[in-house]
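Here's the letter readout for the chains.
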Amino acid sequence: MEIVQIALVDDHRLFRSGIASLIDNFTGYNILFEAGNGDEMIQKISPKSKPDIILLDINMPVRDGTSTAQWLRKNYPEIAIVILSMFDDADKVLTMLRLGVKGYLLKDSEPFEFEQALQKVSQGEVYYPEFVTRYLLNNFNHETEPSKLNARELEFLKLVGTELTYKEIADQMFASIRTIDGYRDNLFEKLHIKSRVGLVLYAIKNKIIDL
């Protein structure tokens, strides 16, 4: 069985030690290296010392998780990123989804959740915690099929998943801001969604946006 190589990037040494000890108890995984921030990780990573999965904290000094994920996406897009965070809000998940992370683990997750996340991600799947699943279920119980949306609504959904403001989306679609507001409000009603985060999660779930 091929050993999955893991890198731990977190500024709390005791937390890293605890996670490293936990992973040592799992079969098929090895801690390749540890780092206290993104810059330290960049110094340690290379084509010859390249993990399969990086467990990445969001809040770190020097170079935080968001900036580090951006660097990894540009330089090592094949490495799977699993975010470690105390944050449990959908906006933080959304930011990381845009960066193509494959998993999101709360730091107070149970040990079996860590193992499950590593198993799924190492097999090419994604892993998100229960609160994301709950968010999706709450918003999409009466889900509208993407095929029932018109071309302009689908185009709008794709652009909602970017960093563009609504005004910039209007410019991109050669439409007025009032028209864009209309697309958004119609989709809120059609999809039973109340926020931009909800629109993006719908688009990701229905493969309108590719991660």
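These numbers come from a predicted model, not from an experiment.

Draft legend 1. Spatial organisation of the sheet that holds strand β3 (residues 53-57). Ordered in space as β2-β1-β3-β4-β5, the five strands form an open sheet in which the pairing is parallel. At either margin of the open sheet sits one strand with a lone partner, and together these are β2 (29-35) and β5 (103-106). Put simply, the sheet's adjacent strands are angled 25° from each other on average, direction ignored. Across five bridges, β3 lies against strand β4 (residues 80-85) in parallel orientation.

Draft legend 2. Region of interest: the pattern of salt bridges. This model, assessed by the stated rule, comprises twelve salt bridges. Residues E34 and R16 are paired through a salt bridge, measuring 2.9 Å at the closest nitrogen-oxygen approach. Separated by 18 residues along the polypeptide, E34 in strand β2 and R16 in helix α1 (residues 13-24) bring together distant segments of the chain. E34 gets classed as partly exposed once you look at its relative accessible area, which sits at 25%. Residue R16 is classed as buried on the basis of its relative accessible area of 7%. When the shortest N-O distance is used, the salt bridge between D39 and R63 registers 2.7 Å.

Draft legend 3. Structural context of the packing of helix α7 (residues 151-160) against helix α10 (residues 196-205). Where α7 contacts α10, the axes come no closer than 9 Å and their chain directions differ by 105°. On the basis of their axis angle, the class for α7 and α10 is roughly perpendicular. Counting all contacts with α7, which are made through F156, L157, L159 and V160, the residues of α10 involved are R196, L199, V200, Y202 and A203. When the residues that make up the contact of α7 with α10 are grouped by side-chain class, the tally is eight nonpolar, no polar and one charged.

Conventions we followed
Residues numbered from 1 in each chain as written. Predicted model: local features only at pLDDT ≥ 70, side-chain atom pairs only at ≥ 80, totals over all residues. Heavy atoms only, no water. Pairing = 2+ DSSP bridges. Helix = DSSP H or I, 4+ residues; strand = E, 2+ residues; numbered from the N terminus. Axes fitted to C-alpha atoms, helices over the stretch in contact; angles between N-to-C directions. Salt bridge = Lys/Arg side-chain N within 4 Å of Asp/Glu carboxyl O. Buried < 20%, exposed > 50% of the residue type's maximum accessible area, 1.4 Å probe, protein only. Parallel < 35°, antiparallel > 145°, perpendicular 65-115°, else oblique. Contact = heavy atoms within 4.5 Å. Nonpolar A, V, L, I, M, F, W, Y, C, P; charged D, E, K, R; others polar.

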